[in-house]
Amino acid sequence: MKIGTVIYKPTIVDGFDISVYYSKRVDGVVGKPAKGMYNDITCFVDAKSIRERPELVALSEKGPATRTNKAFSLPWDFVCPTNEEYQSNVLRFIEDTAKEDVEGVILNLYHFPEEGFCTCDRCSRQHRESGLDWLEWRAETVTDFIRRAKKLVKQPFGIEIWPDPILAKERFGLDFEALAEYVDFFHVPLSSHNYVTMYWVDTLTRDFKKLLKKPIFIELSAEIPREIETKALLRTVAYVSSYDVEAILLLVHDADRAKELCRTAVNDSNYRNWLEKFGFENMTKIIERWEKIY
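## Considering the overall build of the protein chain
Link 1 in the chain: Looking only at helices and strands, the protein chain features 11 helices and 10 strands.
Link 2 in the chain: For a compact globule of 294 residues, the expected C-alpha radius of gyration is about 19 Å, and the protein chain comes in at 20 Å, within 12% of that figure.
Link 3 in the chain: Counting across all 294 residues of the protein chain, residues that qualify as buried make up 53%.
Link 4 in the chain: For the protein chain, contacts bridging at least 24 residues in sequence account for 70% of all contacts bridging at least 6.
Link 5 in the chain: Accessible area of the protein chain: about 13900 Å², with a carbon and sulfur share of 48%.
Link 6 in the chain: Of note, the protein chain has its 41 positive side-chain charges centred 2 Å away from the centre of its 47 negative side-chain charges.

## Brief notes about the nonpolar core
Link 1 in the chain: Ranked by internal contacts, the top residues of the largest apolar core, which has 92 residues, are Leu-107 and Trp-290.
Link 2 in the chain: Ile-106, Phe-217, Ala-247 and Leu-251 belong to the second-largest nonpolar core, a separate cluster that totals 11 residues.

## So, the side chain of Asn-39
Link 1 in the chain: Residue placement: Asn-39 occurs in strand 3 (residues 38-42).
Link 2 in the chain: Polar contacts involving the side chain of Asn-39 include one to the main-chain carbonyl oxygen of Met-37, which spans 3.1 Å.

## Topic: the packing of helix 8 (residues 227-241) against helix 10 (residues 269-277)
Link 1 in the chain: Put simply, helix 8 and helix 10 touch, their axes get as near as 11 Å, and they point 20 degrees apart. Here helix 8 is positioned roughly parallel relative to helix 10, judged by the angle of their axes. Seen along the crossing, helix 8 lies across helix 10 with a hand that is right-handed. Across from Leu-234, Arg-235, Ala-238 and Tyr-239 in helix 8, the residues of helix 10 making contact are Tyr-271, Trp-274 and Leu-275.
Link 2 in the chain: A class-by-class count of the residues in the contact of helix 8 with helix 10 yields 6 nonpolar, no polar and 1 charged.

## Digging into the sheet that holds strand 9 (residues 216-221)
Link 1 in the chain: Strand order in the closed barrel formed by 8 strands is 1-2-3-6-7-8-9-10, with parallel pairing between adjacent strands. The average undirected angle you get between the axes of adjacent strands in this sheet is 25 degrees.
Link 2 in the chain: Summarising the sheet, strand 6 (residues 104-108) and strand 7 (residues 157-160) pair through 3 bridges and their orientation is parallel. Bridged to Val-105 within strand 7 is Phe-157.

## Details of helix 11 (residues 281-293)
Link 1 in the chain: A rise of 1.5 Å per residue sets the reference length of helix 11, with its 13 residues, at 18 Å; its end C-alpha atoms lie 19 Å apart and thus fit the reference within 8%.
Link 2 in the chain: Buried residues belonging to helix 11 abut strand 1 (2-7), helix 8, helix 9 (255-267) and helix 10.

## Observations concerning the pattern of salt bridges
Link 1 in the chain: Inspection of the entire model under this criterion finds 18 salt bridges.
Link 2 in the chain: The shortest N-O distance in the salt bridge between Glu-55 and Arg-53 comes to 3.1 Å.
Link 3 in the chain: Owing to a relative accessible area of 53%, Glu-55 belongs among the exposed residues under this scheme.
Link 4 in the chain: For Arg-53, a relative accessible area of 31% corresponds to the partly exposed category.
Link 5 in the chain: The salt bridge involving Glu-85 is made with Arg-53; its shortest N-O contact spans 3.1 Å. Here Glu-85, found in helix 2 (residues 84-99), pairs with Arg-53, found in the loop between helix 1 (47-52) and strand 4 (59-60); they are 32 residues apart in sequence, far enough to count as distant.

Scoring rules and cut-offs
- Residues numbered from 1 in each chain as written.
- Predicted model: local features only at pLDDT ≥ 70, side-chain atom pairs only at ≥ 80, totals over all residues.
- Heavy atoms only, no water.
- Helix = DSSP H or I, 4+ residues; strand = E, 2+ residues; numbered from the N terminus.
- Rg over C-alpha atoms; globule rule 2.2 N^0.38 Å.
- Buried < 20%, exposed > 50% of the residue type's maximum accessible area, 1.4 Å probe, protein only.
- Contact = heavy atoms within 4.5 Å.
- Areas by Shrake-Rupley, 256 points an atom, 1.4 Å probe, with all protein chains shown as cover.
- Lys, Arg positive; Asp, Glu negative; His and termini not counted.
- Charge placed at Lys NZ, Arg CZ, Asp CG, Glu CD.
- Core = buried A, V, L, I, M, F, W, Y, C linked by side-chain atoms within 4.5 Å.
- Polar contact = N/O pair within 3.5 Å; in protein donor to acceptor, adjacent residues only side chain to side chain.
- Axes fitted to C-alpha atoms, helices over the stretch in contact; angles between N-to-C directions.
- Parallel < 35°, antiparallel > 145°, perpendicular 65-115°, else oblique.
- Left-handed = near helix turned anticlockwise from the far one by under 90°.
- Nonpolar A, V, L, I, M, F, W, Y, C, P; charged D, E, K, R; others polar.
- Pairing = 2+ DSSP bridges.
- Expected span 1.5 Å × (residues − 1).
- Salt bridge = Lys/Arg side-chain N within 4 Å of Asp/Glu carboxyl O.

Written as structure tokens, this is what we have:
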């Protein structure tokens, strides 16, 4: 099993097998492709562009796909995924990224915002002309975008999926089986401010391990530096490591936080004894590697 970081600055941290950098973010900030790293690209969430061009926003009968629309609980502002101009810009960014010496490409938020989106004139027309029912048209629209993106990338190619194993197709247009044909791995973010209670991580990891037909990267949040949260995170990493996932990714603000986690794991004798007692071999091997560095 591999261990990795997801980071906001293009930095490779010693002791980690995979390094992921957000090169295009939900707030609209766009960075340069990070060489030697997986570049994670936000597709149809762009707060900056929607502020400048409100006509880009995805629509529903209950209003736009924005954080200020209290009919929904959307965490971000979503662009309509059938907007040809914006699609082309995103695909061009993906293509330009893949031309650089990057380790791989990951796409996130490439789908519809939620159930009921999008009902703009363009989406309504495309749905009507497709002859498909609503759910199938939305799923085909999402899958077709991933199909087009895949053609532009020669490196390992993956997609993040919203962690809903049951309603992902109805809510977002995610057809896991169809998408699996075009990706090398799935990236599943299981984000939380803390993992003191972690049974849900265990449940979702097992669910996605059974559902998805390609290797899985599980992402956990590692941004909170307090002692209780850090100890709970490290135990959760150990539990996830027992499910034969391809990789566990730790979301950190910067390289210093990643190094701090390594040192904490190496120097916590109670944690290491607990790993040995309950047979968490994958995590033990990772810490043995960290011990040589930190």
